[in-house]
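# Residue-level structure breakdown
Each chain, letter by letter, is given below.
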Amino acid sequence: MSIRRLPEKLVNRIAAGEVVERPAAALKELVENAIDAGSTRISVRIAEGGISRLEVEDDGCGMTASDMALALERHATSKLPDDAIEDVTTLGFRGEALPSIASVARLTLESRVAGGDGWRRVVDNGAVTAEGPAALAKGTRVVVEDLFARVPARRKFLRSGRSEYAACIDVVKRLAMARPDVGFTVEHNGRRVLDVQGGQDQLTRVAALTQRDLAANSIGVDVDRGEVHLGGVISLPTYNRGIADHQYLFVNGRPVKDRLLVGALRGAYADLLARDRHPVVALFLDVPTGEVDVNVHPAKTEVRFRDPQLIRGMIVGGLRRALDEHGFRSVQRPAEAALAAWQQEPVAPEPATGFLFGHRTEPAVHLFGADIAPAAADVARVYDRITPFASAAPLAGRAEVAFAPPPEVEAHPLGIARGQIARTYIVAEAEDGLVIVDQHAAHERLVLEQLRRGMSGQAVSSQGLLLPEVVELDEPACDRLEAAAPQLAALGVELERFGPAAVMVRATPAMLGAIDCRKLVTDIADDLAGYDAALGLSERLELVAATMACHGSVRAGRTLSVAEMNALLRTMEVTPHSGQCNHGRPTWVKLAMDDVEKLFGRK
């Protein structure tokens, strides 16, 4: 078969396959053009998820009739005044968007420059069908109708209108987040679904476009390293999501979905979240144009850095530092559903007991260590019933009667222990509310942080075994344990090879107490194997430390004394990341006094 030059119409359709894969991709290109035109207000109208109609109107610089004709040709753009593509600062620069869209849809382009006349040009699937004067204010209006109507092979791969709409609104949110100086409105099927004003600061815009409660559960990030700046907000580890769609990443104001940035973000939260949970973040990275290549992907969603290790280290280190400074914090307020569960329920009337008239003697009730005798029934009472305190389940780990007032919030925000529920949760009274602590999750985090200090040079004290224990494993697992033996020794685990398929454990971390050595070593070997290829040794040891912490933490079901409860609270207050366990769940929640009073109808 001989080689032939493809016709322009087919070339445009091929290019459209790269640039315009769905309505959201077309919308992204049009909104980026509006931003590059210097607009201060951009209006978007969508019908049926953008499949039947997309409209973008702006108040930017506009175009003349001759520029409009040129803009509909491939590789024609005003955004590269010279050949220095490495210095591009605009969102678009390829000059492919408009002709690519016009080749697979009906495109109407209207524009007017300041002091000039408006002009209109209509292109239907690659063919110019109409042009002439148009009445509009300064700026540009682009209407895209019946996308892929004449390309059924592409049209059938589009998803439902609801799914395409979700992708469109996500695109606009990301672009609006990158440019808080520009106002945006979005209407879908005639209903306004988004409206943000221009001139906002970055944090205000992020708060307006994300979950309402992110502001109270986030941490600010502001890091400089040379000419590179990283800013934005990140969520507390306890404020997370099951999908990564709530991660907004920007490079020089350009929304990106870059593997390096996503991997660095995952590394920063490595031992703070479960593997199937994701933080909510909005990070803005500003890099000199010569240090980043944006001409990597036709959709311009991926970038390549000249020094990727610098960027990764800056993100991981900067986010870690911010999380360390606010490590004690947690999602402190219980969910509304949890608060609703505290509502008082009606009590059904109990049947008559036969003691409507007369006297009866009841045993004293032991409540919180005090003997409470019932009042003498000298006068007959109707519906005289005794609340069955005596038959209630015994309290576990109950505290002594509390006479001491709770400490000041600034000094001890977790307050003072008052008791224990179900041998799992510590109840404490703080000056500003009621605190409930998950003792297992909290202690697991405290042990992990102590082990991490051992990894950073502060050796963890070990406890030698009276009789060294031999653990049999397969040979590859023994090889991995032998290679990591020096680092494991810093964590308090001393072991050595004992033949081809076994290791001998001579010591374990003293803080773990009496543990099952065989299970601990087996879990460590599994951690080293599970991430052998993907992570370096130091990162794998972080996972090993988390496994060890789970083995040695205070288990749910153990009764603690009041002194032990208070010791745990005080240690939590001075330990980084104590607000969440190793899996990202909160270790404590606080019920404010206002909420307590609402439960009893006092407010």
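The structure this text deals with has already been given above.
Presented here is an overview of the structure given in this document. (Residues numbered from 1 in each chain as written. Predicted model: local features only at pLDDT ≥ 70, side-chain atom pairs only at ≥ 80, totals over all residues. Heavy atoms only, no water.)

It is worth spelling out the overall build of the protein chain at this point. Looking only at helices and strands, one finds 17 helices and 26 strands in the protein chain. Within the protein chain, the fraction of its 603 residues that count as buried is 45%. Looking at the protein chain alone, contacts between residues at least 24 apart form 68% of all its contacts between residues at least 6 apart. Here the protein chain has roughly 30,500 Å² of accessible surface; of this, 53% comes from carbon and sulfur atoms. (Helix = DSSP H or I, 4+ residues; strand = E, 2+ residues; numbered from the N terminus. Buried < 20%, exposed > 50% of the residue type's maximum accessible area, 1.4 Å probe, protein only. Contact = heavy atoms within 4.5 Å. Areas by Shrake-Rupley, 256 points an atom, 1.4 Å probe, with all protein chains shown as cover.)

Pairs can form between side chains of opposite charge whenever their charged atoms are close. Overall, the coordinates contain 27 salt bridges when judged by the stated rule. Two residues, Arg174 and Asp170, come together in a salt bridge whose shortest N-O distance is 2.9 Å. In this pair, Arg174 and Asp170 are both assigned in helix 6 (residues 161–178), four residues apart and thus about one turn of the helix distant. Assessed through its relative accessible area of 9%, Arg174 is described here as buried. (Salt bridge = Lys/Arg side-chain N within 4 Å of Asp/Glu carboxyl O.)

It is worth spelling out the sheet that holds strand 21 (residues 425–430) at this point. If you walk across this open sheet you meet the four strands as 20-21-22-26, and the pairing is antiparallel. Every interior strand has two partners, whereas the edge strands, strand 20 (416–421) and strand 26 (588–592), have only one. Each strand axis lies, on average, 25° off the axis of its neighbour in the sheet, ignoring direction. Examined bridge by bridge, strand 22 (residues 433–438) and strand 26 share five bridges and lie antiparallel to one another. Residue pairing in the sheet places Leu434 in a bridge with Leu591 of strand 26. Sheet strands in contact with helix 16 (residues 562–573) are strand 20, strand 21, strand 22 and strand 26, and its direction is about 115° off that of strand 20. (Pairing = 2+ DSSP bridges. Axes fitted to C-alpha atoms, helices over the stretch in contact; angles between N-to-C directions.)

The next thing to look at is unusual backbone geometry. You will see that Ala422, though not glycine, has its phi angle at about 55°, which is positive. Tracing the sequence through the fold places Ala422 in the loop between strand 20 and strand 21. Among the residues examined, Ala422 registers a relative accessible area of 57% and is labelled exposed. Although it is not a glycine, His577 adopts a positive phi angle of roughly 65°. Position of His577 among the secondary structure elements: in the loop between helix 16 and strand 26.

Inspection of the secondary structure assignment puts Asp181 in the loop between helix 6 and strand 7 (183–188). Each C-alpha atom of the pair Asp181 and Gly199 lies 4.2 Å from the other, and the pair is 18 residues apart in sequence. With sequence-adjacent residues up to four places away left out, Asp181 is seen in contact with Thr40, Gly198, Gly199 and Gln200. Within polar-contact distance, the side chain of Asp181 engages the side chain of Arg179 at 2.8 Å. (Polar contact = N/O pair within 3.5 Å; in protein donor to acceptor, adjacent residues only side chain to side chain.)

Another aspect to go through is helix 8 (residues 259–268). Residues Leu261, Gly263, Ala264, Leu265, Gly267 and Ala268 constitute the buried set of helix 8. Considering only its buried residues, helix 8 is in contact with strand 12 (247–251), strand 13 (254–256), strand 14 (278–279), strand 15 (281–286), strand 17 (304–305) and helix 9 (308–325).

Bear in mind that shape data such as this cannot, by itself, settle questions of function.
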